[in-house]
Structures are given as structure tokens and as C-alpha cells.
Amino acid sequence: MAITTKAYGAISEKEPLKPLDIKRREVGENDVKLEISFCGVCHSDIHTVRNEWGGSKYPVVPGHEIIGRISKVGQNVKNFKEGDLVGVGCMVDSCQECEQCKKDLEQLCDKGATFTYNSEDKYLKGERTYGGYATQIVVDKEFILRIPENIEAAAAAPLLCAGITTWSPLKHWNVKKGDKVGVIGLGGLGHMGVKFANALGANVVMITTSPSKAEDAKKLGAHEVLISNDEAEMKKHKNSFDFILNTIPVGHRMDPYIALLKYDATMVLVGAIEPLDPFHGGGLIRGRKRISGSLIGGIKETQKMLDFCGAHNIVSDIEMIDIKDINEAYDRVVKGDVKYRFVIDMASLKE
Ligand code: NAP
Ligand code: ZN
């Protein structure tokens, strides 16, 4: 038996998203079912719907910034109960046995984590996992996050992907008070990166292609704004950054950003999954510089980040939309025209 659920998704890469019925598994003994209140719109949703990374299997029901209240728990679920405010991020399962899972790095699971959408469904044979553009979801208790009740639920949704994806590399690379930290790209991820780097005490520089976003960047917590296509300004910041978080969503020229790093400093890529433009090895060699990557974060780390947000009152800056406006919202994200994350009010799908 399965639960029929109302959702919104794409049946091919060429078509806009539209209403669909999908199947969720019945609540098993280790499962939690939530009624989805809000779901953030990540650029990854768009990449997947439009098959820009290849490998999308349709229908695709995106959404991995999910907030809701629990409506049912299985008999083995002790830490959560009906009515709790919880979240689901980018993963809904992993093997729980490999080295990485044991180190709380489920996102790097040897057997491959089950992502919230466009993964194989381990429970419903022949089905895919379907994300949060839906009224309900059933998820293993180990992948349920607790949302602090003191922060606004809708604005907390983006923490589940944009939040953890920027928090994790800042923590992993030990960003600390006084460090000069650059955040490239003021979008959903970038604006959370600025908030977190600021909260960790860094001297934050927003590196953007959009001069029009400069004022906002400062309100979000940037101490300085660097326009990346202004060569003279870029030159002034050469060899000066302790850390750079790069959220550019497509392949791009790396040399101008590598030049900004101080010796021994690291730039972490989280956006561009595709080939990058060739860059000069010398740019790294002369300065012992590093380029690294980062994929979301583990479940324990995500909970820590959420608790930090509760304690420091950090949420995302959002624009709330109804589900019927989702296709227009996608076009606006691609144009960089969102302040700074769309969140879908899922009540609009129930109507
Ligand atoms: P977004 O809201 O579209 O923001 C991206 C920002 O990058 C834009 O607002 C723009 O900022 C800048 N940008 C866009 N195109 C650019 C270009 N060609 N050159 C330079 N800058 C450019 O996207 P997002 O939701 O933050 O996601 C960012 C990327 O991270 C996406 O590719 C997404 O799939 C990926 N992602 C990765 C992970 C992970 O775990 N690694 C998790 C979530 C998302 P300015 O106007 O300020 O220049
Ligand atoms: Zn995402």
C-alpha cells in the first residue's frame, strides 16, 4: 500500500512544472510522516528539473528545503512526536554502515546517499524519491531535523540546504574571528554564507557580479563588497583572502578568484559541478593555494547548524510564493532576481 500525495513536478525537461499525484510509502516502524508547510526553492531544483546535470529521471518532484509538522510516527520513533516542527533536507537515507556514515558524513556514503528527490526509492520498487513540492512526505527518523520553535518556520526552510551547504565548509576550514572571508555570488547560498561568516566573526567580503546588490550585501552582514568584473578593484584584493566560498552555479573562469587567495588559503566550490575553464597551475603553486569542494553536510552537523540559528536568530531572507507561481520563480532565480530565496507556501497546494 502507498499513500497518494498531491505534488508539483516536471514530466520532462522541456515542460514546466505542473500538478501531479505521487506515491509515498506507508509509515513504517522507523518512519516519520510530516505535513509539509513550506519548501524552499534551490537552484539545484532547477538544474534537476531542466536536466542540466544529466541523469534526471521523470517525473521529477523537486524540493529539499522542507519544513512541516509531524502527523504520524512509527513505533520505533522515540525522539519525535506528532505535532513537532521538523525539517527534511537533501538526503532521506544512507547505508549507515560505511566509514563515512559512521563519521556522520552520510552525504558522502560509500553506497550513495538516497537524496530527497531523483534518487532510487528503496521502499517503493520502481519508484523515484520525490521531494518537498508536495503536501506530505514520509522519511526515516534518522534523517529528520528538529527546527527551533523560536525562528520563523518559513524562513528556516532554506537552512536545510542553503544553510548547511555554506555552514559546513566554513566550519570544516575553520573560519574564525578576524579571517578575511570572501563569498562569491549573492543568491540563496551566498546570502547564508555571508550571514554565517559574519556570525563567526570573519571580515566578510561579498564578491558579486551585481553592483545593484551591494547595499543588500552589507545589510546581510558583508563588511565590504567587491565587484568581480572590476579588474582594478580585484587587483587591490590580490593575495589577501584567508578563505573563499564560491557559489557560482555554472562553469566559470577560476584564475581571477584564485588570485584573491592568500598563501595556504582555500577556495571551496559548492556550485559549479560542471567542467571549469582551464586555469593556471602556477596560480595555485606559487602560494601553496588550495581549491576544494563541499557537498551539503551530515545530519548531525545540520542539526548543530539549526541549533546555532535558533540561538543566534539566523534565518534566510525569503520571498514567499504560491505553488502556481513556481515556473516564473525558476526564471527569476536563473536571472539572479530573488531576494534571496523563494519559499513555497505549501498551503497553496492543498487548496
Ligand atoms: P542562486 O540563488 O541562483 O545564486 C547564485 C548566484 O551566483 C547568483 O545570484 C549570482 O550572484 C551568481 N552567479 C550566477 N551566475 C554567475 C556567473 N555565470 N558568474 C558569476 N556569478 C554568477 O543559486 P543557489 O541556490 O545559491 O545555488 C548555487 C549553486 O550551488 C547551484 O549550482 C546549486 O545547484 C549549487 N548547490 C550546491 C550544493 C552543494 O551541496 N554543493 C547545495 C545546494 C546548491 P551575483 O549576482 O551576486 O553575482
Ligand atoms: Zn539545494
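Definitions and cut-offs
Residues numbered from 1 in each chain as written. Chains lettered and ligands numbered in written order. Predicted model: local features only at pLDDT ≥ 70, side-chain atom pairs only at ≥ 80, totals over all residues. Heavy atoms only, no water. Helix = DSSP H or I, 4+ residues; strand = E, 2+ residues; numbered from the N terminus. Rg over C-alpha atoms; globule rule 2.2 N^0.38 Å. Buried < 20%, exposed > 50% of the residue type's maximum accessible area, 1.4 Å probe, protein only. Contact = heavy atoms within 4.5 Å. Areas by Shrake-Rupley, 256 points an atom, 1.4 Å probe, with all protein chains shown as cover. Lys, Arg positive; Asp, Glu negative; His and termini not counted. Charge placed at Lys NZ, Arg CZ, Asp CG, Glu CD. Near = heavy atom within 4 Å. Polar contact = N/O pair within 3.5 Å; in protein donor to acceptor, adjacent residues only side chain to side chain. Axes fitted to C-alpha atoms, helices over the stretch in contact; angles between N-to-C directions. Parallel < 35°, antiparallel > 145°, perpendicular 65-115°, else oblique. Left-handed = near helix turned anticlockwise from the far one by under 90°. Nonpolar A, V, L, I, M, F, W, Y, C, P; charged D, E, K, R; others polar. Core = buried A, V, L, I, M, F, W, Y, C linked by side-chain atoms within 4.5 Å. Domains from an automatic or database assignment.

Right, let's talk about the overall build of the protein for a bit. Helices and strands together make up the secondary structure of the protein, namely 12 helices and 17 strands. Radius of gyration (C-alpha) of the protein: 20 Å, near the 20 Å computed for a compact globule of 351 residues. If one aligns the C-alpha atoms of the protein with their principal axes, the spans along those axes are about 60 × 40 × 35 Å. Taking all 351 residues of the protein together, 57% fall into the buried category. Within the protein, contacts between residues separated by at least 24 positions form 66% of all contacts whose residues are at least 6 apart in sequence. Carbon and sulfur atoms form 49% of the exposed surface of the protein, whose accessible area is close to 15,500 Å². The averaged location of the 48 negative side-chain charges in the protein is 4 Å from the averaged location of its 46 positive side-chain charges.

Glancing now at unusual backbone geometry. The omega angle of the peptide bond from Y58 to P59 is 0°, so this bond is cis rather than trans. Here P59 shows up in the loop between helix 1 (43–49) and strand 4 (66–73). In the segment running from K339 into Y340, the intervening peptide bond is cis, with an omega of -20°. The residue Y340 is located in the loop between helix 11 (326–334) and strand 17 (341–345) in this model. A positive phi angle, near 55°, is found at N239, a position not held by glycine. With respect to the secondary-structure elements, N239 resides in the loop between helix 7 (231–236) and strand 13 (241–246). Using a relative accessible area of 45% as the deciding quantity, one classes N239 as partly exposed.

Okay, the side chain of S56 next. Along the chain, S56 turns up in the loop between helix 1 and strand 4. The contacts of S56, once residues within four sequence positions are left out, are T48, N51 and N118.

Let us now look at the site of ligand 1. Taken together, 27 residues sit near ligand 1, with T208, T209, S210, K213 and R341 positioned nearest. H43 has a polar side-chain atom sitting 2.7 Å from an oxygen atom of ligand 1. Residue K213 places a side-chain N or O atom 2.6 Å away from an oxygen atom belonging to ligand 1. Here ligand 1, which alone exposes 930 Å², has 87% of that area covered by the protein. Among the elements of the structure, helix 1 and helix 5 (188–199) are those that each provide at least two residues to the shell around ligand 1. If one sorts the elements of the shell around ligand 1 by residue count, helix 1 sits on top with three residues.

To continue, consider the packing of helix 4 (residues 162–172) against helix 5. As a packed pair, helix 4 and helix 5 sit with axes 8 Å apart at the nearest point and diverge in direction by 50°. Our classification of the angle between helix 4 and helix 5 gives oblique. Relative to helix 5, helix 4 is oriented so that their crossing is right-handed. Residue-level inspection shows A162, G163, T165, T166, W167 and L170 of helix 4 in contact with helix 5, the latter providing G188, L189, M192, G193, F196 and A197. Classifying every residue of the contact of helix 4 with helix 5 by side-chain character gives seven nonpolar, five polar and no charged.

Moving on: the nonpolar core. With 96 residues, the main nonpolar core has I67, Y133, L159, F196 and I326 as its most contacted residues. Sort the elements by how many residues they give to this core and strand 3 (residues 31–41) lands first, with six residues. When we break this core down by domain, the ones giving at least three residues each are domain 1 (2–161 + 317–350) and domain 2 (163–293). The contacts of L159, once residues within four sequence positions are left out, are I151, I164, M192, F196, M305, L306, C309, I314 and V315.

Two residues of an α-helix separated by three or four positions point the same way, owing to the 3.6 residues in each turn. Judged by how many residues are buried, helix 4 sits mostly within the fold: nine of 11 residues are covered. Restricting attention to buried positions, one finds in helix 4 the residues A162, G163, I164, T165, T166, W167, S168, P169 and L170. Each element contacted by the buried residues of helix 4 is listed here: strand 10 (180–184), helix 5, strand 13, strand 14 (261–269), helix 10 (299–312) and strand 17. Once helix 4 finishes, N174 follows within two positions and takes phi at roughly 55°, a positive value.

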